[in-house]
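# Commentary on secondary and tertiary structure
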Amino acid sequence: MDAPFAEIDDGWDFKVLVLEGEWVLRIPRVDQAVAKLAKEARLLPALAPALPIEIPHFVYLSEEPPFVVYRLIRGQPLRGEDPDGVRSFLEALHSFDTAGLELPTPGWLEAWREQADVFRRVALPLLDPDERPRGEELLDEVETLAGFTPAVTHCDIGPEHLLCRDGRLAGVIDWAGARIGDPALDYGWLLNGPFPDWDVDDELRRRALVYHRLGPWFEVEYGLRTEQPAWVESGLAGVRSRL
């Protein structure tokens, strides 16, 4: 007999359990995640009809204590399947009409500037002296993340959030970071991982690479903030490899 529940993720913001093999229970771990959950509850019902894949459909949302339940979307993490399906998903997402959506919209570049300042203060000094100029050069590139047409972005596109069945993209999960911003962020891992030969605008490709190279810096900062050395070490390894 299957266990009544199984933990499938103990991430930075949420604890995620599967109940009876059918239902997903997401529980915020930090106060900021409660607001993210409320944002998903507003966004996902509006977004679902416009997308060619499944996304979570909340069947129960509790405010106190905060948690949500939705039916499990089955699939395996994407490794390189269905490039056309992934492109179709991104195009549908980034062309979605944002009118009336209560999503974070202002201050995209300002937020990234603030984040770069945090990285300079806490993560850059952990690099070896000969690595720091390249790290500083990357952080300076944050100033160039402008000039895009704002769109709804998932903001955390990676293999674990893109679920495939029978060789096709079937579902996309974990929309906690979604906001209106630069579509290039959603291409970061895809262009620098499974689909490097996609035909995209040169400027979008450039910004996507900047976002991709910045990804592990968040891991370093998270490990320092939560006093978890393993995250710091794995993040630094990622920073070095992407520099």
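Described below are features of the structure shown in this document. Please read all numbers here as calculations on a predicted model, not as lab measurements.

Mapped onto the elements, Arg 207 comes out in helix H6 (residues 202–225). When sequence neighbours within four positions are dropped, the list of residues in contact with Arg 207 reads Thr 144, Leu 145, Ala 146, Phe 148, Asp 182 and Ala 184.

Counting across every chain of the model gives 15 aromatic pairs. Above the ring of Phe 14, the side-chain terminus of Arg 26 is found at 4.0 Å from the ring centroid. Sitting over the face of the ring of Trp 198, Arg 87 holds its NZ or CZ atom 4.9 Å from the ring centroid.

The omega angle of the peptide bond from Glu 64 to Pro 65 is -5°, so this bond is cis rather than trans. Mapped onto the elements of the fold, Pro 65 is located in the loop between strand S4 (58–63) and strand S5 (66–71). Its identity as a non-glycine residue notwithstanding, Glu 20 has a phi of 55°, on the positive side. Considering the arrangement of structural elements, one finds Glu 20 in the loop between strand S2 (14–19) and strand S3 (23–28). The phi torsion at Asp 174 lies on the positive side, around 60°, for a residue other than glycine. Mapped onto the elements, Asp 174 comes out in the loop between strand S9 (168–172) and strand S10 (179–181).

On to the packing of helix H2 (residues 83–94) against helix H5 (residues 184–191). Direction vectors running N to C along H2 and H5 enclose 170°, while the axes themselves pass 11 Å from each other. Relative to H5, the element H2 is oriented roughly antiparallel. Here Val 86, Arg 87, Leu 90, Leu 93 and His 94 of H2 lie close against H5, whose contacting residues are Asp 186, Tyr 187 and Leu 190. In terms of residue class, the contact of H2 with H5 is made up of 5 nonpolar, 1 polar and 2 charged.

With that settled, consider the pattern of salt bridges. Scanning the entire structure with this criterion turns up 20 salt bridges. Put simply, Asp 82 and Arg 168 hold a salt bridge, and the shortest N to O gap is 3.1 Å. Taken as a pair, Asp 82 in the loop between strand S6 (76–77) and H2 and Arg 168 in strand S9 lie far apart in primary sequence, 86 residues in all. Given the relative accessible area of 51%, Arg 168 is considered exposed.

Quick look at the sheet that holds S6 now. Sheet architecture is open: 3 strands sit in the order S6-S8-S9, paired in antiparallel fashion. This sheet does not close on itself; its edge strands, each paired only once, are S6 and S9. The pairing of strand S8 (residues 162–165) with S9 spans 4 bridges and is antiparallel. When the bridges of S9 are listed, Leu 163 appears paired with Gly 171.

Once that is clear, we can look at the nonpolar core. The biggest cluster of nonpolar side chains holds 68 residues, and the ones touching the most others in it are Leu 51, Phe 89, Trp 175, Trp 198 and Trp 217. Leave out the neighbours within four places in its chain, and Trp 175 touches Lys 39, Glu 40, Leu 44, Leu 47, Leu 51, Ile 55, Pro 56, Phe 89, Leu 93 and His 154.

Conventions and cut-offs
Residues numbered from 1 in each chain as written. Predicted model: local features only at pLDDT ≥ 70, side-chain atom pairs only at ≥ 80, totals over all residues. Heavy atoms only, no water. Helix = DSSP H or I, 4+ residues; strand = E, 2+ residues; numbered from the N terminus. Contact = heavy atoms within 4.5 Å. Phe/Tyr/Trp six-rings, centres within 6.5 Å; stacked < 30°, edge-to-face > 60°. Lys NZ or Arg CZ within 6 Å of the ring centre and 35° of its normal. Axes fitted to C-alpha atoms, helices over the stretch in contact; angles between N-to-C directions. Parallel < 35°, antiparallel > 145°, perpendicular 65-115°, else oblique. Nonpolar A, V, L, I, M, F, W, Y, C, P; charged D, E, K, R; others polar. Salt bridge = Lys/Arg side-chain N within 4 Å of Asp/Glu carboxyl O. Buried < 20%, exposed > 50% of the residue type's maximum accessible area, 1.4 Å probe, protein only. Pairing = 2+ DSSP bridges. Core = buried A, V, L, I, M, F, W, Y, C linked by side-chain atoms within 4.5 Å.

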